[in-house]
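One letter stands for each residue in the lines below.
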Amino acid sequence: MHRYRSHTCGALRESHIDQTVRLSGWCHRIRDHGGVLFIDLRDHYGLTQCVADPDSPAFKDAEKLRAEWVVRIDGKVRRRPAGTDNPELPTGAVEIYVSEIEVLGPAGELPMPVFGDQEYPEDIRLKYRFLDLRRERLHHNIIRRGQIIDSIRKRMKDQGFFEFQTPILTASSPEGARDFLVPSTAISRSRRASATRTRAPTARRESSISSTSR
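Residues numbered from 1 in each chain as written. Predicted model: local features only at pLDDT ≥ 70, side-chain atom pairs only at ≥ 80, totals over all residues. Heavy atoms only, no water.

Enquirer: Help me out: how do you make sense of the overall build of the protein chain in this one?
Expert: Along the protein chain, the regular secondary structure elements total six helices and five strands. Seen in sequence order, the protein chain has helices and strands lined up from the N terminus as β-β-β-α-β-β-α-α-α-α-α. Relative to all contacts within the protein chain whose residues are 6 or more apart in sequence, the contacts with residues 24 or more apart total 53%. (Helix = DSSP H or I, 4+ residues; strand = E, 2+ residues; numbered from the N terminus. Contact = heavy atoms within 4.5 Å.)

Enquirer: Can you help me understand helix α4 (residues 136–158) in this one?
Expert: It helps to recall that an α-helix has 3.6 residues per turn; residues three or four apart then point in one direction. Taking 1.5 Å of rise per residue, the 23 residues of α4 would be expected to cover 33 Å, and the 33 Å separating its terminal C-alpha atoms lies within 8% of that figure. Just downstream of α4, Gly160 is the residue with a positive phi angle, here 100°. (Expected span 1.5 Å × (residues − 1).)

Enquirer: Sorry if this is basic, but what is going on with the packing of aromatic side chains here?
Expert: Aromatic rings considered in pairs are described by the distance between their centres and by the relative angle of their planes. Counted by the stated rule, this structure contains one aromatic pair. Pairing Tyr128 with Phe130 gives two aromatic rings, centres 6.5 Å apart and planes at 65°, and the pair type is edge-to-face. (Phe/Tyr/Trp six-rings, centres within 6.5 Å; stacked < 30°, edge-to-face > 60°.)

Enquirer: Help me understand the pattern of salt bridges in this model?
Expert: Pairing between side chains of opposite charge can happen when their charged atoms approach one another. Taken as a whole and assessed by the stated rule, the structure comprises 19 salt bridges. Residues Arg31 and Asp40 are paired through a salt bridge, measuring 3.0 Å at the closest nitrogen-oxygen approach. In this structure Asp40 comes out as buried when scored by relative accessible area, which is 7%. Between Arg129 and Asp132 there is a salt bridge, with its nearest N and O atoms 2.9 Å apart. Pair noted here: Arg129 and Asp132 are both in helix α3 (residues 129–132), with a separation of three residues, about one helical turn. Judged by its relative accessible area of 37%, Arg129 falls in the partly exposed class. A relative accessible area of 0% means that Asp132 is categorised as buried. Three or more residues are tied together by salt bridges with common partners; here these are Arg3, Arg22, Arg72, Asp74, Glu100 and Glu102. (Salt bridge = Lys/Arg side-chain N within 4 Å of Asp/Glu carboxyl O. Buried < 20%, exposed > 50% of the residue type's maximum accessible area, 1.4 Å probe, protein only.)

Enquirer: What am I meant to see in the nonpolar core here?
Expert: Soluble globular proteins: nonpolar side chains tend toward being buried together. Within the largest apolar cluster, 22 residues are counted, with the highest numbers of intra-cluster contacts made by Val71 and Ile101. Among the secondary structure elements, those contributing two or more residues to this core are β1 (20–33), β2 (36–43), β3 (46–52), α1 (59–63), β4 (70–79) and β5 (94–105). Tallying contributions element by element places β5 first for this core, with four residues. Not counting the four nearest positions on each side in its chain, Ile101 is found in contact with Ala58, Asp61, Ala62, Leu65, Val71, Arg72 and Ile73. (Core = buried A, V, L, I, M, F, W, Y, C linked by side-chain atoms within 4.5 Å.)

Enquirer: In this structure, what is going on with the layout of surface pockets? I would like to understand it.
Expert: Empty space among the atoms becomes visible once a probe the size of a water molecule is rolled across them. Roughly 950 Å³ of volume is contained in the largest pocket. Lining the largest pocket are 33 residues, and of these Arg42, Gly46, Leu47, Leu89 and Glu136 sit closest to its centre. Mapped by element, the contributors of at least two residues to the lining of the largest pocket are β1, β2, β3 and α4. With six residues, α4 is the single largest residue contributor to the lining of the largest pocket. Per-class residue counts for the lining of the largest pocket are nine nonpolar, 12 polar and 12 charged. (1 Å grid on protein atoms, 1.4 Å probe; cavity = no way out; pocket = protein on both sides within 12 Å on 5 of 7 lines; lining within 4 Å. Points joined across faces, edges and corners; volume = space filled by probe spheres on them. Nonpolar A, V, L, I, M, F, W, Y, C, P; charged D, E, K, R; others polar.)

Enquirer: What should I look at first to understand the environment of Asp85 in this one?
Expert: You can see Asp85 is positioned in the loop between β4 and β5. We classify Asp85 as partly exposed; its relative accessible area is 46%. Measuring from C-alpha to C-alpha, the distance between Asp85 and Glu95 comes to 9.5 Å, with 10 residues separating the pair along the chain. Once residues within four sequence positions are removed from consideration, Asp85 is found in contact with Arg80, Gly92 and Ala93.

Enquirer: Mind showing me how you'd approach empty space enclosed by the protein here?
Expert: Within this structure, the stated rule accounts for one cavity of 30 Å³ or more. Taken as a whole, the largest cavity holds about 60 Å³ of empty space. In terms of lining, the largest cavity is formed by Gly116, Asp117, Gln118, Glu119, Asp132, Arg135, Arg137 and Leu138. Tallied by class, the residues present in the lining of the largest cavity amount to one nonpolar, two polar and five charged.

Enquirer: Help me understand a nonpolar patch on the surface, please; the structure alone is not making it clear to me.
Expert: A surface patch of nonpolar side chains, amounting to about 370 Å² of accessible area, comprises Ile148, Ile152, Met156 and Phe161. Among the secondary structure elements, Ile148 is positioned in helix α4. For Ile148, a relative accessible area of 46% corresponds to the partly exposed category. (Patch = residues over 30% accessible without salt bridge, like charges linked within 9 Å, V, L, I, M, F, W, Y side chains within 5 Å. Areas by Shrake-Rupley, 256 points an atom, 1.4 Å probe, with all protein chains shown as cover.)

This is how it looks when you write it as structure tokens:
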């Protein structure tokens, strides 16, 4: 078996029931229902529910897990109990009964949760951008953007267009023109106004000089 996974967190279906599998990912959400721990394990591909009860050999390790810890989980795929299916998830008909847990990367207390759609001030989201980009809505938007670009590129190539890889087109000129990052809305208007003067108009200056010299 692979060191980290036999399947992704979005791959398991009813056809995998009774198979022993290995998943790796982030602990998206952890719930304690009367001593039975439910761990929603997340990776780039989806979400899988993992279960550990007091009879599980990995129960003590499961009790130590916290949100956004990166773990490897081994276990057997089984059908969810009647009435607990989640039709909104591709993996919603099955769950993993955990037999082994390995912590690959613990995490400290989070300044903002990845689970849920709660809104946070922009300065907090920018400061902890590495967490913000893990949230479902932003992750979905990133994937959708890539799919749209791939679709456009494929259709243009099918019509005979050829894509040439070019160097960065916004490199600063030898005269010393400077590039600025677009400021966030958290920056004051006065600072934004000064920052929007992004680069010296080198080409315009050269054009005016050449015209006056004539």
